[in-house]
Amino acid sequence: MASQAAASKKQQELQLQYSTYKNTLQQIAQKIGDVEQEAEEHKLVLETLEPLPGDRKCFRMINGVLVERTVKDVVPALQTNAEGLRKVLEDLIKQYKSKQDELEKWKKKNNVQIVQS
């Protein structure tokens, strides 16, 4: 009877660990999606501003405040932000892959097989 309770407790612990891994992977995937969307928005804005003259006025949202700038002022800042987003995206993808590898090693170590119900 005691061994059955211990086995049940171990199974619950394994399920909890598996859920934690899955939730972490889901959160990282969500962040990746958000960063990809923002990077795509930066790309579209840069493509739109590229053919315009540098002295043309444009508007930019900075911390919730709409400010008036010129195209030549905004484009370098957007390019810097876009590059930063690409680096963040690369880091998140590496983080996701390492977490996925960690999950696979954990599954092998604990002889876990996923049963779909």
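Keep in mind it's a predicted model, so treat the numbers as computed, not measured. (Residues numbered from 1 in each chain as written. Predicted model: local features only at pLDDT ≥ 70, side-chain atom pairs only at ≥ 80, totals over all residues. Heavy atoms only, no water.)

**A look at the overall build of the protein chain**
As a reminder of what qualifies: Helix and strand labels come from DSSP, where a helix needs a run of H or I of at least four residues and a strand needs a run of E of at least two; each type is numbered from the N terminus. It is over C-alpha atoms that the radius of gyration is taken, and the globule rule equals 2.2 Å times the number of residues to the power 0.38. Only heavy atoms matter for contacts: two residues are in contact if any of them lie within 4.5 Å across the pair. The protein chains shown are the only cover counted for residues, whose accessible areas, like all others here, come from Shrake-Rupley with a 1.4 Å probe. As used throughout, the charge tally considers Lys and Arg to be positive and Asp and Glu to be negative, leaving His and the chain termini uncounted. The atom standing in for a charge is NZ when the residue is Lys, CZ when it is Arg, CG when it is Asp and CD when it is Glu.
A tally of regular secondary structure across the protein chain gives 2 helices and 2 strands. Computed over its C-alpha atoms, the radius of gyration of the protein chain comes to 23 Å, more than 25% above the 13 Å expected for a compact globule of 117 residues. Projecting the C-alpha coordinates of the protein chain onto the three principal axes gives extents of approximately 80 × 25 × 25 Å. Expressed as a percentage of contacts within the protein chain between residues at least 6 apart in sequence, the contacts between residues at least 24 apart total 61%. Summed over all atoms, the accessible surface of the protein chain reaches about 9200 Å², with 51% contributed by carbon and sulfur. Of the charged side chains in the protein chain, 19 are positive and 17 negative; the average position of the first set lies 7 Å away from that of the second.

**Some thoughts on the UniProt feature "coiled-coil region" (unreviewed entry) in the protein chain**
Spelled out, the test is: UniProt positions are given in the numbering used here, feature names are shortened, and annotations may be inferred rather than shown by experiment.
Look at the UniProt record and you will see "coiled-coil region" (unreviewed entry) annotated at residues 11–45 and 82–109. Each end of residues 11–45 is marked by a C-alpha atom, and these two atoms are 51 Å apart; helix forms 100% of the span and strand 0%. With 100% helix and 0% strand, residues 82–109 has its two end C-alpha atoms placed 40 Å apart.

**Some points on the pairing of strand β2 (residues 65–70)**
Rule in force here: Pairing between two strands requires that DSSP report at least two bridges joining them.
Sheet topology note: the strand β1 (residues 57–62)/β2 ladder contains 6 bridges and is antiparallel. For R60, the partnering residue across the bridge sits in β2 and is V67. Hairpin connection from β1 to β2: 2 residues lie between these consecutive antiparallel strands, with N63 at a positive phi of about 50°.

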